[in-house]
Amino acid sequence: TETKTGYINVTTLGVQSYLAENIHLYPNPSKGKLYIQNTTGIQLKSVELYNLQGRKLLAKDENMQTFHLENLSAGLYLLKITTNKGVLNKQVVKQ
């Protein structure tokens, strides 16, 4: 369960663990395409990619299994995956 309190998101660890165990990103690090694998049928609602300054670079609400990173500079990014079970944040490395 996610609760928003001002600027802080409070997430129950059980949901985060469940999502982290069942949603996988590969290859990570990636040189171009990044794939999202959902192993349990969790419904993906949206996927957003942010730089470390918090700027949204890419967003998808359909065809979310593949992300194209070819046009991004090498570095660390944050991927926010919103599902019907909660929100999962993952780090992505672009080579």
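Above this text you will find the structure in question.
What you see is a predicted model, and the numbers here were worked out from it, not measured in a lab. (Residues numbered from 1 in each chain as written. Predicted model: local features only at pLDDT ≥ 70, side-chain atom pairs only at ≥ 80, totals over all residues. Heavy atoms only, no water.)

Visitor: Explain the nonpolar core to me, using residue names and the numbers behind them.
Guide: Within the largest apolar cluster, 19 residues are counted, with the highest numbers of intra-cluster contacts made by Ile23, Ile36, Phe67, Leu79 and Ile81. At the level of secondary structure, the elements contributing two or more residues to this core comprise helix H1 (13-22), strand E3 (23-26), strand E4 (33-38), strand E5 (44-50), strand E8 (75-83) and strand E9 (86-94). Not counting the four nearest positions on each side in its chain, Ile81 is found in contact with Ile23, Leu25, Leu44, Ser46, Val47, Gly86, Val87 and Leu88. (Core = buried A, V, L, I, M, F, W, Y, C linked by side-chain atoms within 4.5 Å. Buried < 20%, exposed > 50% of the residue type's maximum accessible area, 1.4 Å probe, protein only. Helix = DSSP H or I, 4+ residues; strand = E, 2+ residues; numbered from the N terminus. Contact = heavy atoms within 4.5 Å.)

Visitor: Pulling in residues and values, what's your account of the packing of aromatic side chains?
Guide: Summed over all chains, the structure comprises one aromatic pair. Ring geometry for Tyr26 and Tyr35: centres 5.5 Å apart, planes at 25 degrees, overall stacked. The class for Tyr26 is partly exposed, based on a relative accessible area of 41%. On the basis of relative accessibility, which here comes to 29%, the residue Tyr35 falls in the partly exposed class. If you follow Lys60 out to its NZ or CZ, it ends over the ring of Phe67, 5.4 Å from the centre. (Phe/Tyr/Trp six-rings, centres within 6.5 Å; stacked < 30°, edge-to-face > 60°. Lys NZ or Arg CZ within 6 Å of the ring centre and 35° of its normal.)

Visitor: Could you give an account of the sheet that holds strand E6 (residues 56-60), with specific residues and numbers?
Guide: With antiparallel pairing, the four strands of this open sheet are ordered in space as E6-E5-E8-E9. Each edge of the open sheet carries a strand with a single partner, namely E6 and E9. Strand-to-strand twist across the sheet, computed as the mean angle between neighbouring axes with direction ignored, equals 20 degrees. Pairing of E5 with E6 involves four bridges; the strand directions are antiparallel. (Pairing = 2+ DSSP bridges. Axes fitted to C-alpha atoms, helices over the stretch in contact; angles between N-to-C directions.)

Visitor: Can you lay out the sheet that holds E4 for me, pointing to particular residues and giving the numbers?
Guide: Taken in spatial order, the three strands make up an open sheet running E3-E4-E7, and their pairing is antiparallel. Each edge of the open sheet carries a strand with a single partner, namely E3 and strand E7 (66-68). Ignoring which end each strand starts from, the neighbouring axes of this sheet average 20 degrees apart.

Visitor: Any chance you could break down the pairing of E8 for me, citing the residues and the numbers?
Guide: In this sheet, E8 lies alongside E5 in antiparallel orientation, the contact comprising six bridges. Following the sheet pairing, Leu49 is matched in E8 by Leu79. Where E8 and E9 come together, nine bridges link them in antiparallel fashion. Counted as the bridge partner of Leu78 is Gln91 from E9. As consecutive antiparallel partners, E8 and E9 are separated by two residues.

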